[in-house]
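Residue-level listing of the chains:
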Amino acid sequence: MKSPKIQMSVVGPVLALVVLLVLGASLNPSFLAWDNVTNVLARSAFIGIIAVGMTFVITAGGLDLSVGSMAAFIAGLMILVMNSALPSLGVGIPIVLLGMAVALAAGLVAGCLNGILISRLGIEAFIVTLGSMGIYRSLVTWLADGGTLSLDFGLRTFYQPVYYGGLFGVSWPIIVFALVVIVGEIAMRSTAFGRHCAAIGSNDQVAKYSSVKVARVRLTTYVVLGLLVGVATILYVPRLGSASPATGLLWELEAIAAVIIGGTMLRGGFGRVWGTVIGVLILSLIGNILNLTDLVSPYLNGAIQGAIIVLAVILQRDTRQGQ
Amino acid sequence: MKHFAAALAVSAALAVPAFAQDGETKVIGVSIPAATHGWAGGMNYFAQATVERLEKVYPNLDFVLTTASDPAKQVNDIEDMVAARHVNALVVLPFESEPLTGPVQNAKASGAWITVVDRGLSVEGIEDLYVAGDNPGFGRESGEYVASALPEGGKIVVLRGIPTTIDNERVEGFQKAIEGKNIEILGMEHGNWNRDDSFAVMQDFLSKYPQIDAVWASDDDMAVGVLAAIEAAGRKDIRFVLGGAGMKEMVKRVMDKDTMIPADVTYPPAMIATAIELTAVGLVSSAPVSGKFIIGSVLITPENAEGYYFPDSPF
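Since this is a predicted model, take the numbers as computed values, not measurements.

Visitor: I would appreciate a short explanation of the UniProt feature "transmembrane region" (unreviewed entry) in chain A in the present structure.
Guide: Residue and element names in this part refer to chain A. In this numbering, the UniProt entry assigns the feature "transmembrane region" (unreviewed entry) to residues 40-58, 65-85, 91-113, 164-186, 219-237, 249-266, 273-290 and 296-315. The span residues 164-186 carries 70% helix and 17% strand; its end-to-end C-alpha distance comes to 28 Å. End C-alpha atoms of residues 219-237 are separated by 27 Å, and the span's content is 100% helix alongside 0% strand.

Visitor: Would you explain the UniProt feature "domain: Periplasmic binding protein" (unreviewed entry) in chain B in this entry?
Guide: The residues that UniProt annotates with the feature "domain: Periplasmic binding protein" (unreviewed entry) are residues 28-275 of chain B. From the first C-alpha to the last, residues 28-275 of chain B spans 11 Å; its make-up is 48% helix and 21% strand.

Visitor: Would you take a moment to explain the domain arrangement of chain B for this structure?
Guide: Interfaces are frequently sized by the accessible area removed from exposure as the parts join. When its domains are assigned, chain B resolves into domain 1 (2-127) and domain 2 (135-265). One C-alpha centre belongs to domain 1 of chain B, the other to domain 2 of chain B; they are set 35 Å apart.

Visitor: How should I be thinking about the sheet that holds strand S2 (residues 61-68) of chain B in this particular structure?
Guide: Strands pair in a sheet through their backbones, by hydrogen bonds, and they do so in one of two ways: parallel or antiparallel. Residues and elements named next belong to chain B. With parallel pairing, six strands are arranged side by side in an open sheet as S2-S1-S3-S4-S5-S11. With one partner strand each, in any of the chains shown, S2 and strand S11 (291-295) form the two edges of the open sheet. Pairwise comparison of adjacent strand axes, ignoring direction, gives a mean angle of 15° for this sheet. Bridging between strand S1 (residues 26-33) and S2 involves eight bridges; their strand directions are parallel. Following the sheet pairing, Ile28 is matched in S2 by Phe63. Helix H10 (residues 271-284) contacts S1, S2, strand S3 (89-92), strand S4 (113-117), strand S5 (129-133) and S11 of the sheet and is inclined by roughly 160° relative to S5.

The rules we used
- Residues numbered from 1 in each chain as written.
- Chains lettered and ligands numbered in written order.
- Predicted model: local features only at pLDDT ≥ 70, side-chain atom pairs only at ≥ 80, totals over all residues.
- Heavy atoms only, no water.
- UniProt positions renumbered as here; feature names shortened; annotations may be inferred.
- Helix = DSSP H or I, 4+ residues; strand = E, 2+ residues; numbered from the N terminus.
- Domains from an automatic or database assignment.
- Pairing = 2+ DSSP bridges.
- Axes fitted to C-alpha atoms, helices over the stretch in contact; angles between N-to-C directions.
- Contact = heavy atoms within 4.5 Å.

Right, dumping it as structure tokens:
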């Protein structure tokens, strides 16, 4: 029963993206300028990198609400460690590498904790990650004493090129985002891991009887997501050199929204990494276009964003009903 | 919270002899929003520091300090203070006016002295003492500075905070102050008093407008995001960025005569200290403290910056 309508699930999000691009370009000529394009892509990179990890978690039937708070906590931890190592290491590559190692290790541990509670102890993912969301948010508030943690000024200047610099005019966040997407797409489509995720998401009992190591695969999805949160933080910290209780607020919802706009099913069983990229771009383009034009009152930004999210999902409804 | 627990222990130790001496210990309840952003963090710091100081000064005063992360929790906090601690006075910085009016009214009915800070309640006449910053004055002071720094006129962009009455009053005050001064506001967007949001908004302003003379960031956290965006874009046309509130890093830059941050306008989080101190004076002495206490917004310039620099505060 493969009718041409099936393609709507593929075309839907792409169509929404194209419409946004045409709209943006027609409203403001500077929309397609190189500077604006790189700004939007670099801005999307944090949520995008996290959303790729989220795609695997959701495909395997899970959910992670803690990623925004986790990013804030890791950013705070990284800044504290780098500041305190400054007297002994001095400004240089070793201290930046130390900061990066701390971020990755913290992401790994945080992802492991979520994953073990969910996959080994069998607690609902929603509850576990709602709990860890609150814990990390409080921890960063506590670390910052309610204020803002700032990276030492000299250190920040040295570390800054990790966000602002790049290769051939393409900044590092965009390059890293692209690499994560390519690896994620291959893992989802062509590896046993990707297929196991989908199998567990559609029916974990059947997957278990088909000798898929359900608990281990689930744990892996959370660990990978934790690691990617660490990667996103490594790129986030050099931008403003600070972390506060307001860092990463609502990132989890943006990441989940991007995954769903991209055609991954919220109940699991089917995931699409490239779709997630489209979802992330749609979300950040809406904000960008609203800033570049005076079309509507800024009070309505949220409403426009909400309407476009729902529209993008309606566009791909046909296949959903078939499944 | 550790400081607070320590403060409680100290107060408990001090309260017992005081009780023995004059037979009556008075309790002051302080209910404030949790430290969810920079300004609130500073306010929490000053609240704790003031409570610690006053417990040493007045052995017969006992303090209960609670921080709430949402209006519902703050309502519970206040109800608990009235029911379980029988507070003689309540100092409250309401999260939102509407949901907190009822509970504060009940506290008033129980006989407690009410001090309201920064945000008014929706029914007038509940509070005995009202301590607040001057939002229209904050906007006016900022507008006058921008107008005086651009005597020949110019094009500016404005970053607004979270859509609230506070933000509206500030922007109206600003617009009135620059009226007829040949200053054109190219665009206004909400940066939500947040560094990341203001960074994105400023990047987009820079893409949209080839010539910007100055930025009214209206808040020091937003100024941080704005400065990073300008620096990254390498734009030289922007002459200065005016923040607001009095964050220590920004006051330091004013002090160091940074040309991008030539001034700042205060909206001091320490106003909570004013409120607690006045309430304590009212309870322990016969000095009258009822009425309104409006803390003016002051322009910080390199000449007076030292007096507004608090290196120990988190904000």
